[in-house]
Amino acid sequence: ATEISYRMLDATRRSTLRHANRILPIKVETSPYQPIANGVADVLLSMYVADMLSPHGLRALINEAHRILRPGGTLCLATMYPGRKSTIIEKAWNCLYNLDPRVVGGSRPVRVELSLSERCWNQLNIERISGYGLTTGIVTACRRHSDIRE
């Protein structure tokens, strides 16, 4: 599980205590690289972190997920996502983000699947859940068995 703030990291640690031997909450800072061995994780779950990262930061997170996941492992990214039809709320959110990202907590709708290379990931699935004028995208992909990287 990835988190961007220490407060959320602590909450994740507390809520996953009984699964501590299987879940490792990690803090994503300016560098997403973690002291975790290559190919050891079955799943990497990131909830509302990708929408706060720069395009470079998102690409680095995905590269790190590829390194940490075993071949066939699953990457799951839940993030703010562009709706099928842009609503006035989504348009206002984007305007506020463009003026000052801090006003909307630094997050904005982002299509994370555009950062997933077909050479590294397969079985891509995108599910959209919309409510109150905003959309959450749940993007899952499996790490390919091949080690071909961009």
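These notes cover the structure that comes with them.

The rules we used
Residues numbered from 1 in each chain as written. Predicted model: local features only at pLDDT ≥ 70, side-chain atom pairs only at ≥ 80, totals over all residues. Heavy atoms only, no water. Helix = DSSP H or I, 4+ residues; strand = E, 2+ residues; numbered from the N terminus. Buried < 20%, exposed > 50% of the residue type's maximum accessible area, 1.4 Å probe, protein only. Contact = heavy atoms within 4.5 Å. Areas by Shrake-Rupley, 256 points an atom, 1.4 Å probe, with all protein chains shown as cover. Salt bridge = Lys/Arg side-chain N within 4 Å of Asp/Glu carboxyl O. Core = buried A, V, L, I, M, F, W, Y, C linked by side-chain atoms within 4.5 Å. Patch = residues over 30% accessible without salt bridge, like charges linked within 9 Å, V, L, I, M, F, W, Y side chains within 5 Å. Pairing = 2+ DSSP bridges. Right-handed = clockwise from strand over helix to strand, strands pointing away.

## Here we look at the overall build of the protein chain
Step number 1: Each helix and strand in the protein chain was counted, giving 3 helices and 6 strands.
Step number 2: Reading the secondary structure of the protein chain in the N-to-C direction produces β-α-β-β-α-β-α-β-β.
Step number 3: Taking all 150 residues of the protein chain together, 39% fall into the buried category.
Step number 4: Considering only contacts in the protein chain between residues 6 or more positions apart, those separated by 24 or more positions represent 70%.
Step number 5: On the protein chain, roughly 9,000 Å² of surface is accessible, and the fraction owed to carbon and sulfur atoms is 57%.

## Observations concerning the pattern of salt bridges
Step number 1: A complete count under the given rule lists 4 salt bridges for this structure.
Step number 2: The salt bridge involving Arg 102 is made with Asp 100; its shortest N-O contact spans 3.0 Å.

## With respect to the nonpolar core
Step number 1: Among the nonpolar cores identified, the biggest contains 19 residues, and Leu 44, Leu 58, Leu 69, Leu 75, Val 112, Leu 116 and Trp 121 are the most heavily contacted of them.
Step number 2: Secondary structure elements with two or more residues in this core: strand E3 (41–47), helix H2 (55–68), strand E4 (69–81) and strand E6 (134–143).
Step number 3: When near neighbours in sequence (up to four residues on either side) are disregarded, Leu 75 contacts Leu 44, Ala 65, Leu 69, Leu 116, Trp 121, Val 139, Thr 140 and Ala 141.

## Quick notes on unusual backbone geometry
Step number 1: Backbone geometry at Tyr 48 places phi at a positive 55 degrees, although glycine is not the residue there.
Step number 2: Within the secondary structure, Tyr 48 sits in the loop between E3 and H2.

## Here we look at the environment of Leu 77
Step number 1: Following the sequence through the fold, Leu 77 ends up in strand E4.
Step number 2: Note on Leu 77: relative accessible area 1%, which makes it buried.
Step number 3: Sequence separation of Leu 77 and Gly 137 is 60 residues, and the distance between their C-alpha atoms is 7.9 Å.

## A word on a nonpolar patch on the surface
Step number 1: A grouping of Val 43, Leu 45, Met 47 and Tyr 48 is seen on the molecular surface, where their side chains present a nonpolar patch of about 340 Å² in accessible area.
Step number 2: Relative to the elements of secondary structure, Val 43 occurs in strand E3.

## Quick word on the pairing of E3
Step number 1: Looking at chain direction, E3 and E4 are connected through 6 bridges and run parallel. For Met 47, the partnering residue across the bridge sits in E4 and is Ala 78.
Step number 2: Note on the crossover from E3 through H2 to E4: the handedness is right-handed.

## Describing the environment of Val 139
Step number 1: As for its placement among the helices and strands, Val 139 is situated in strand E6.
Step number 2: By relative accessible area, which is 1% here, Val 139 ends up buried.
Step number 3: In this structure the C-alpha to C-alpha distance between Val 139 and Arg 128, which are 11 residues apart in sequence, comes to 8.8 Å.
Step number 4: With sequence-adjacent residues up to four places away left out, Val 139 is seen in contact with Leu 75, Cys 76, Leu 77, Tyr 81, Val 112, Glu 113, Leu 116, Leu 124, Asn 125 and Ile 126.

## What about the pairing of E6?
Step number 1: Burial runs high along E6: 7 of the 10 residues are buried.
Step number 2: With 8 bridges joining them, E4 and E6 adopt antiparallel strand pairing. Along E6, the bridge assignment pairs Ala 78 with Ile 138.
Step number 3: Between strand E5 (residues 121–131) and E6, which follow one another and run antiparallel, lie 2 residues, and Tyr 132 among them has a positive phi close to 55 degrees.

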